[in-house]
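Structural description and commentary
Spelled out from the first residue to the last, the chains are:
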Amino acid sequence: MDSYLYPYPSLESGVLLKRYKRFLADIELTSGEVITAHCPNTGPMTGVCIPGNLVMVSHNAGKTRKYPYTWELIQLTSEVDPLTQPLTWVGINTALPNKVIHLALQEQLFPELGNYSEIKKEVPYGIELKSRVDFVLKGEDKPIYLEVKNTTWCQGEIALFPDTVTERGQKHLKELIEIVKQGARAVMLYFINRGDCTQFAPGDIADPVYGQLLRIAISEGVEILPCRFEVTPEGIQYLGLAELSF
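Remember, predicted model here, so these are calculated numbers, not experimental data.

For the coordinates displayed, the defined rule picks out eight aromatic pairs. Ring plane angle 85° and centroid distance 5.1 Å describe the contact between Phe 110 and Tyr 238, whose orientation is recorded as edge-to-face. Residue Phe 110 is located in the loop between α1 (96-106) and β8 (118-125), and its partner Tyr 238 is located in strand β16 (residues 235-241); the two are separated by 128 residues in the primary sequence. The same class applies to Phe 110 and to Tyr 238, which are both buried.

We now examine the sheet that holds strand β12 (residues 158-161). The four strands lie next to each other as β11-β12-β14-β17, forming an open sheet whose pairing is mixed. Looking at which strands have only one partner, the edges of the open sheet turn out to be β11 (153-155) and β17 (243-244). Where strand β14 (residues 199-202) meets β17, two bridges bridge the pair, whose relative direction is parallel. Following the sheet pairing, Phe 200 is matched in β17 by Leu 244.

This part covers the sheet that holds strand β10 (residues 144-151). By definition, the strands of a sheet pair up through backbone hydrogen bonds, in either a parallel or an antiparallel sense. Taking strand neighbours across the sheet as the criterion, the seven strands line up as β1-β16-β15-β13-β10-β9-β8 in an open arrangement whose pairing is mixed. Where the open sheet ends on each side, the last strands, each with one partner, are β1 (6-7) and β8. Of the pairings in the sheet, the one linking strand β13 (residues 185-192) to strand β15 (residues 223-231) comprises six bridges and is parallel in character. Within β15, the residue paired with Tyr 190 across the bridge is Pro 226. Contacts from helix α2 (residues 167-181) reach β8, β9 (131-138), β10 and β13 within the one sheet, and its direction differs from that of β13 by about 145°.

Further remarks concern the side chain of Ser 78. Within the secondary structure, Ser 78 sits in strand β6 (residues 69-81). There is a polar contact of 3.3 Å between the side chain of Ser 78 and the side chain of Asp 196.

Going through the model one piece at a time under the given rule, you end up with six salt bridges. Lys 149 is paired through a salt bridge with Glu 147; the nearest N and O atoms lie 3.9 Å apart. The same class applies to Lys 149 and to Glu 147, which are both buried. A salt bridge links Asp 204 to Arg 215, with the nearest nitrogen and oxygen atoms 2.9 Å apart. Placement of Asp 204 in the loop between β14 and α3 (208-219) and of Arg 215 in helix α3 is noted, with a sequence separation of 11 residues between them. In this structure Asp 204 comes out as partly exposed when scored by relative accessible area, which is 30%. The class of Arg 215 is partly exposed, set by a relative accessible area of 35%.

Definitions and limits used
- Residues numbered from 1 in each chain as written.
- Predicted model: local features only at pLDDT ≥ 70, side-chain atom pairs only at ≥ 80, totals over all residues.
- Heavy atoms only, no water.
- Phe/Tyr/Trp six-rings, centres within 6.5 Å; stacked < 30°, edge-to-face > 60°.
- Helix = DSSP H or I, 4+ residues; strand = E, 2+ residues; numbered from the N terminus.
- Buried < 20%, exposed > 50% of the residue type's maximum accessible area, 1.4 Å probe, protein only.
- Pairing = 2+ DSSP bridges.
- Contact = heavy atoms within 4.5 Å.
- Axes fitted to C-alpha atoms, helices over the stretch in contact; angles between N-to-C directions.
- Polar contact = N/O pair within 3.5 Å; in protein donor to acceptor, adjacent residues only side chain to side chain.
- Salt bridge = Lys/Arg side-chain N within 4 Å of Asp/Glu carboxyl O.

Here it is in structure tokens:
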């Protein structure tokens, strides 16, 4: 692919040594230099934090940055087809999905959302407006409240969310259910940050309450968009929707 929805800046390769204090990772660059990189991922990174694996980092030497390197990608053994697709890249930077989805919304890449002419980011909503939904889309039809969840954990071809108990995620589902009851559309978009998953399911083993709430939300009219993305050191490209597997 020579056209990316989001092209990465020039990245440097290395090997992951360890991740610690949630936001830090020690990485040995190809040059042999060992650097400490910012790890922009607050979650447990189940199944995608494997010391010894190849990683890619970006570099920004801004004066305000304590750590000029940022961990962007990790290469994993694919669980889908080790013979024809032995390796896959997985996105680590959780700041990117919302940026990529904003670009995709501007390009109207999701026909499931219908027509809209206005995109608003980080809009207050929920009980006493104490929460913020990632996007609100407005047009001729009902407004659409759209929440984005980064998804990297998988079992075989099935992408799973969440990979840990998420009370915040449970709250978002409850609030989206209320949005539907108020007459608007509510959409939960799962950003599958790896190209080797063709299906999606809730991570019931990690958070059974979330899985139950997701099923309730669907029955109440909340729409689910499990979006597949191909991630490479060159950039990120949209592949289409994964099949729901529950």
